[in-house]
Amino acid sequence: MGRTAEQWKQKPPLPKTHYVDTRVYTDEGIFEEEKEKIFAKTWMLACHESELPAPNDYRTYHHPAGVNLIVVRGEDDRVRSFFNVCPHRGNTILYSPSGNAKRMTCIFHAWSFDSEGNCVGLPREKAGYCSGGDCSVSRDDLGLREVKTQVGYGGFVYVNLDDGCEPLEDHIGPALDTIIEQIDTEPLEVFSYHRAVVNTNYKLWHDTNSEFYHDYLHVHNRLTSMKQEGYFERKMIPYPNGHAEVGSQEVHYEAYEGGKGRAEAGFPGVEGNPWSLIDLFPGYSYNLRASVLRVDSQIPLGPNKTAIEYRSLGLKSDTVEQRRQRVLDNQTIWGPFGRNLHEDLLAVDGQGRAIQNGSRYVLHAREEDSTIHDEVGMRHFYAEWSRRMGRLAGDPTKAVALEKPARA
Ligand code: FES
Ligand SMILES: [Fe+2]
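Residues numbered from 1 in each chain as written. Chains lettered and ligands numbered in written order. Predicted model: local features only at pLDDT ≥ 70, side-chain atom pairs only at ≥ 80, totals over all residues. Heavy atoms only, no water.

In the nomenclature of an unreviewed UniProt entry, the chain is known as Ferredoxin reductase of uncultured Rubrobacteraceae bacterium.

Written as structure tokens, this is what we have:
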């Protein structure tokens, strides 16, 4: 029997950790608070070091807290990040998304900066500044605002707006331990990048990467994984700080329309056709299959809009044949021309519509001994989200102080 409008809005008869109030996905005020309490204080994955191969190569990055950053490789080979904001009158310095600039020059009054953030050019400097007296300033005081930057975990560039933040290693902890040998032994290289702007909340995409019950959505996964040995033994493993891992299994690609094994181009220490997925708080996923590491990173643009960046990587040392194999696998299965990604995108868009139609709660309630269809990954994410926000995701209207959970 269908439910009435009144019943549709009632709290589920479950513990508060097992459902989420949908206002966490739609409320403008909650989104603004996330910027301040989560995005501005957490390590964010900005790009990959291979996107900046040469000195003075840069990329701009729209940081989820709302500021635009420049990520640039210095002439000393170190990758740094800066606010893309001129210290003179606040103009944008770089407009193009990527390039190479020995000098980054602001168009407004032509102040220029090097890739270490130093102000190295200031027109009519002596006439107006630096000439002694009360209005004297030095170019040394006029550098760009630097942002904490660390490169690691497969050569990804992580940034944190909070100067007093914990080291990246403390934030990630052991979450990537099971794949670290595969991704950190040899330099990696991005061979495919694409971006989808979706009318949904960033957490809905992350939810989709944090539970595998939705494998029913993917014919490919049903055939190559769910129907194969080992699938229901896969574990969902929560880690400190809101991260979670889905344990690996051998994938049988041959089970889908005569596909073949994908092991021709691998990663160090990988045997067969495994598939590991690790979700990092608040919106990143490392998805390692035999021939491709796909990393999803999100740039929330508003409560109902997120840009999802997809990077697919192989080894920098790939032969032409190996790279061709990775590109083919990626494009036909996991990338923009495969079907899985679009099925997931349809699902998160659909969830958004359900919420707008007045459903107040969504369920994260499955418990199956922390195996593959247990929704502990999502519960673990929202425990961390609730702690940082000082609001329960199941009842976000009230402020509460929560202890840091070690495990969900
Ligand atoms: S605002 Fe950049 S030089 Fe004036
Ligand atoms: Fe999926």
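### Remarks on the sheet that holds strand β15 (residues 275–280)
Strand order across the open sheet formed by 7 strands is β12-β18-β17-β16-β15-β14-β13, with antiparallel pairing between neighbours. The outermost strands of the open sheet, each flanked by one partner alone, are β12 (188–198) and β13 (236–239). Neighbour to neighbour, the strand axes of the sheet diverge by 15° on average, direction disregarded. The pairing of strand β14 (residues 243–246) with β15 spans 3 bridges and is antiparallel. Within the sheet, the bridge partner assigned to Glu 245 lies in β15 and is Ile 278. In the packing of helix α7 (residues 202–210) onto the sheet, contacts are made with β13, β15, β16 (284–289), β17 (293–302) and β18 (305–315), and the angle to β17 comes to roughly 155°. (Pairing = 2+ DSSP bridges. Helix = DSSP H or I, 4+ residues; strand = E, 2+ residues; numbered from the N terminus. Axes fitted to C-alpha atoms, helices over the stretch in contact; angles between N-to-C directions. Contact = heavy atoms within 4.5 Å.)

### Quick word on the coordination of the iron ion (ligand 2)
Within the first shell, the iron ion (ligand 2) binds the protein through His 214 (NE2), His 218 (NE2), Asp 344 (OD) and Asp 344 (OD), at distances of 2.1 to 2.5 Å. One can describe the site at the iron ion (ligand 2) as irregular: its 4 donor atoms subtend angles covering 55 to 141° at the metal. Along the chain, the residues that donate to the iron ion (ligand 2) are spaced as H-x3-H-x125-D. With His 218 in the loop between α7 and α8 (219–226) and Asp 344 in helix α10 (residues 340–356), this pair connects stretches of sequence that are 126 residues apart. Like Asp 344, His 218 is buried. (Donors = N, O, S within 2.8 Å, 3.2 Å for Na, K, Ca; no water. Tetrahedral: all angles 85-135°; square planar, octahedral: opposite > 155°, others 65-115°. Buried < 20%, exposed > 50% of the residue type's maximum accessible area, 1.4 Å probe, protein only.)

### Remarks on the environment of Ile 70
Residue position: Ile 70 is located in strand β4 (residues 68–73). Judged by its relative accessible area of 0%, Ile 70 is buried. When the C-alpha positions of Ile 70 and Asp 114 are compared, they lie 12 Å apart, and in sequence the two are 44 residues distant. Beyond its immediate chain neighbours, meaning those up to four positions away, Ile 70 contacts Tyr 58, Arg 59, Arg 80, Ser 81, Phe 82, Phe 83, Asn 84, Ile 93, Leu 94 and Met 104.

### Considering the UniProt feature "domain: Rieske" (unreviewed entry) in the chain
Under the UniProt annotation, "domain: Rieske" (unreviewed entry) lies at residues 44–126. Helix makes up 2% of residues 44–126 and strand 39%, with an end-to-end C-alpha separation of 40 Å. (UniProt positions renumbered as here; feature names shortened; annotations may be inferred.)

### Points about empty space enclosed by the protein
Taken as a whole and assessed by the stated rule, the structure comprises 5 cavities of 30 Å³ or more. Lining the largest cavity are 14 residues, and of these Asn 209, Trp 275, Asn 287, Arg 289 and Asp 344 sit closest to its centre. Going through the elements one at a time, α7, β15, β16 and α10 are the ones with two or more residues in the lining of the largest cavity. Looking at the lining of the largest cavity residue by residue, the class counts come to 3 nonpolar, 7 polar and 4 charged. Quantified by volume, the second largest cavity comes out at close to 50 Å³. Looking at the second largest cavity, the residues that line it are His 220, Asn 221, Thr 224, Ser 225, Val 251, Tyr 253, Trp 275, Arg 289, Trp 334 and Asn 340. Of all the elements, α8 adds the most residues to the lining of the second largest cavity, at 4 residues. (1 Å grid on protein atoms, 1.4 Å probe; cavity = no way out; pocket = protein on both sides within 12 Å on 5 of 7 lines; lining within 4 Å. Points joined across faces, edges and corners; volume = space filled by probe spheres on them. Nonpolar A, V, L, I, M, F, W, Y, C, P; charged D, E, K, R; others polar.)

### Describing α7
With respect to burial, α7 is a largely interior element, 9 of its 9 residues being buried. Those residues of α7 that sit buried are Tyr 202, Lys 203, Leu 204, Trp 205, His 206, Asp 207, Thr 208, Asn 209 and Ser 210. One side-chain oxygen at the N-terminal end of α7 lies 2.9 Å from the backbone nitrogen of Lys 203; it belongs to Asn 201. (Polar contact = N/O pair within 3.5 Å; in protein donor to acceptor, adjacent residues only side chain to side chain.)

### A look at the nonpolar core
In this structure, Tyr 61, Tyr 158, Leu 280, Tyr 286, Leu 293 and Trp 385 are the most contacted members of the largest nonpolar core, which totals 64 residues. The leading source of residues in this core is β18, at 5 residues. When residues are assigned to domains, this core turns out to be shared by domain 1 (43–151) and domain 2 (186–399), each giving three or more. In this structure Trp 385 touches Val 24, Ile 30, Glu 34, Ile 38, Tyr 202, Lys 203, Phe 281, Arg 391 and Ala 393, once residues within four positions along its chain are discounted. Residues Tyr 58, Ile 93, Met 104 and Leu 142 belong to the second largest nonpolar core, which totals 16 residues. (Core = buried A, V, L, I, M, F, W, Y, C linked by side-chain atoms within 4.5 Å. Domains from an automatic or database assignment.)

### As for the pattern of salt bridges
By the definition in use, this model includes 27 salt bridges. Put simply, Asp 395 and Lys 11 hold a salt bridge, and the shortest N to O gap is 3.8 Å. Here the residue Asp 395 occupies a position in strand β21 (residues 395–399), and Lys 11 occupies one in the loop between α1 (5–8) and β1 (19–21), the gap between them amounting to 384 residues. Classification of Lys 11 by relative accessible area gives partly exposed; the value is 41%. With a closest N to O distance of 2.9 Å, Lys 203 and Glu 34 form a salt bridge. (Salt bridge = Lys/Arg side-chain N within 4 Å of Asp/Glu carboxyl O.)

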